[in-house]
Amino acid sequence: MDLKNKKIIVTGVASGIGAETAKVIKAHGASVIGVDINEATENVDEFIQADLSDPDSIEKAVAKIDGKIDGLCNVAGLPPTKAAVAVLNVNFLGLRHLTELVVKKMNDNGSIVNIASLAGLEWPESGDQIRAFLKIRDFGATEAFCRENDIVGGRSYFFSKEVLIVWTMMNRWTWRDRGIRINCVSPGPVETPILADFLETMGERGEEDMRIMDRPGTPEDIAPVAAFMLSDDSLWIRGANIPCDGGMFSHIQCEMHGHTD
């Protein structure tokens, strides 16, 4: 895996999967532009502060990016214990707005990697709501959407990841004429600062998942997958949602469709 001479943006770079991804891609030769609401000084060549819940902040951050870039790894996100409106605005609307602006500064054959989640696996059941939310561009419209669609509490996190997975698949060929690809990596429960928030929201389901798993994941499990997807070795992978979850996606799918041991 060679990332030499590539310039890659990593959001959520101050902690968790974002911090580890920056570390891994730097080790493979890339230079890193880190983006986060919290300041980061490690494993970045340049840091730009941005609030992904604020489109003006996103636009100002992208304007500071000098020259062409080769990759974007969207890691930043809010946990399910935060307010539903904030979760949807950061985890999807902000991510999408940033991505669409960054694509204009991206070299041909660039790569976009979105960190989604096992929490988004039931996206096929949410088609009408996903289609409705994808039409929203005004961050101020999220509150009414949540109220009208009963997106409250932890459901906001699950829904944000469902939308992200679908949006990624829909854009599999959007920039194909430039060789720019977009994919998701979907971790299961990972030992990051938001793991406790995630388990608190999931309740009994989270407890059951933790009993079934051999262990929770770590940022070190996820970052190499993201790095591979940012490298030229993944040129023909487009619109994929790659589980990185210790087998939990396969386990849940088998249970859902009656293929148990």
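Relevant structure appears above.
The rules we used
Residues numbered from 1 in each chain as written. Predicted model: local features only at pLDDT ≥ 70, side-chain atom pairs only at ≥ 80, totals over all residues. Heavy atoms only, no water. Axes fitted to C-alpha atoms, helices over the stretch in contact; angles between N-to-C directions. Helix = DSSP H or I, 4+ residues; strand = E, 2+ residues; numbered from the N terminus. Parallel < 35°, antiparallel > 145°, perpendicular 65-115°, else oblique. Contact = heavy atoms within 4.5 Å. Buried < 20%, exposed > 50% of the residue type's maximum accessible area, 1.4 Å probe, protein only. Arc of directions from axis to C-beta. Core = buried A, V, L, I, M, F, W, Y, C linked by side-chain atoms within 4.5 Å. Pairing = 2+ DSSP bridges. Polar contact = N/O pair within 3.5 Å; in protein donor to acceptor, adjacent residues only side chain to side chain. Salt bridge = Lys/Arg side-chain N within 4 Å of Asp/Glu carboxyl O.

Student: Can you lay out the packing of helix α4 (residues 127–134) against helix α6 (residues 155–170) for me, pointing to particular residues and giving the numbers?
Tutor: Running from N to C, α4 and α6 cross one another at 75°; their axes reach a closest spacing of 10 Å. Judged by the angle between their axes, α4 and α6 are roughly perpendicular. Two secondary-structure elements touch here, α4 through Q129, I130, F133 and L134 and α6 through R155, F159, E162, V163, V166, W167 and M170.

Student: Explain helix α5 (residues 142–149) to me, using residue names and the numbers behind them.
Tutor: Turning to α5, its buried residues number three or more, namely T142, F145 and C146. Each buried residue of α5 sits inside an arc of 95° when the element is viewed along its axis, so together they form one side. Exposed positions of α5 whose direction lies more than 90 degrees from the buried face are E143, R147 and E148. Where the residues of α5 are buried, they touch α3 (84–103), α4 and α6. D150 occupies a position one or two residues after α5 and carries a positive phi of about 55°.

Student: Account for the nonpolar core, naming residues and giving values.
Tutor: Side chains that are nonpolar tend, in soluble globular proteins, to be buried together. Residues I9, F92, V102, I112, F133 and F159 are the most contacted members of the largest nonpolar core, which totals 44 residues. If one sorts the elements of this core by residue count, α3 sits on top with 10 residues. With residues up to four places along the chain from it excluded, the contact list for I9 reads I33, V35, I65, I69, G71, L72, C73 and V102. In this structure, V10, I25, A30 and I115 belong to the second largest nonpolar core, which totals 25 residues.

Student: Requested: an account of the sheet that holds strand β1 (residues 7–11), with residues and values cited.
Tutor: Spatial strand order, β3-β2-β1-β4-β5-β6-β7: 7 strands in an open sheet with parallel pairing. Each edge of the open sheet is held by one strand with a lone partner, namely β3 (46–49) and β7 (241–244). When strand polarity is set aside, the average angle formed by the axes of neighbouring strands in this sheet is 20°. Relative to strand β6 (residues 181–187), strand β5 (residues 106–115) runs parallel, the two being bridged by 5 bridges. Across the sheet, residue V113 finds its bridge partner in β6, namely N183. The strands that helix α1 (residues 16–27) touches are β1, β2 (31–36), β4 (69–74) and β6; relative to β1, the one it contacts most, it runs at about 165°.

Student: Requested: an account of the side chain of T11, with residues and values cited.
Tutor: Relative to the elements of secondary structure, T11 occurs in strand β1. For T11, a relative accessible area of 1% corresponds to the buried category. A distance of 2.9 Å separates a polar side-chain atom of T11 from the backbone nitrogen of V75. A polar contact of 3.0 Å, which involves the side chain of T11, links it to the backbone nitrogen of A76.

Student: With reference to specific residues and values, describe the pattern of salt bridges.
Tutor: In the structure shown here, the tally under the stated rule is 7 salt bridges. Notably, a salt bridge pairs E100 with R137, separated by 2.6 Å at the nearest N-O pair. Taken together, the positions of E100 in helix α3 and R137 in the loop between α4 and α5 put the pair 37 residues apart, joining distant regions of the chain. On the basis of relative accessible area, E100 is assigned to the partly exposed category, the value being 26%. Among the salt bridges present, the one from R155 reaches E162, with a minimum N-O distance of 2.9 Å.

Student: Run through the pairing of β2, naming residues and quoting values.
Tutor: Within a regular strand, side chains alternate between the sheet's two faces. Burial of β2 is extensive: 5 of the 6 residues sit out of reach of the surface. One ladder, built from 5 bridges, connects β1 with β2; its direction is parallel. Residue K7 lies in a different strand from β2, and its bridge partner there is S31. As paired elements, β2 and β3 share 4 bridges and run parallel to each other. What sits directly across from D36, in β3, is Q49.

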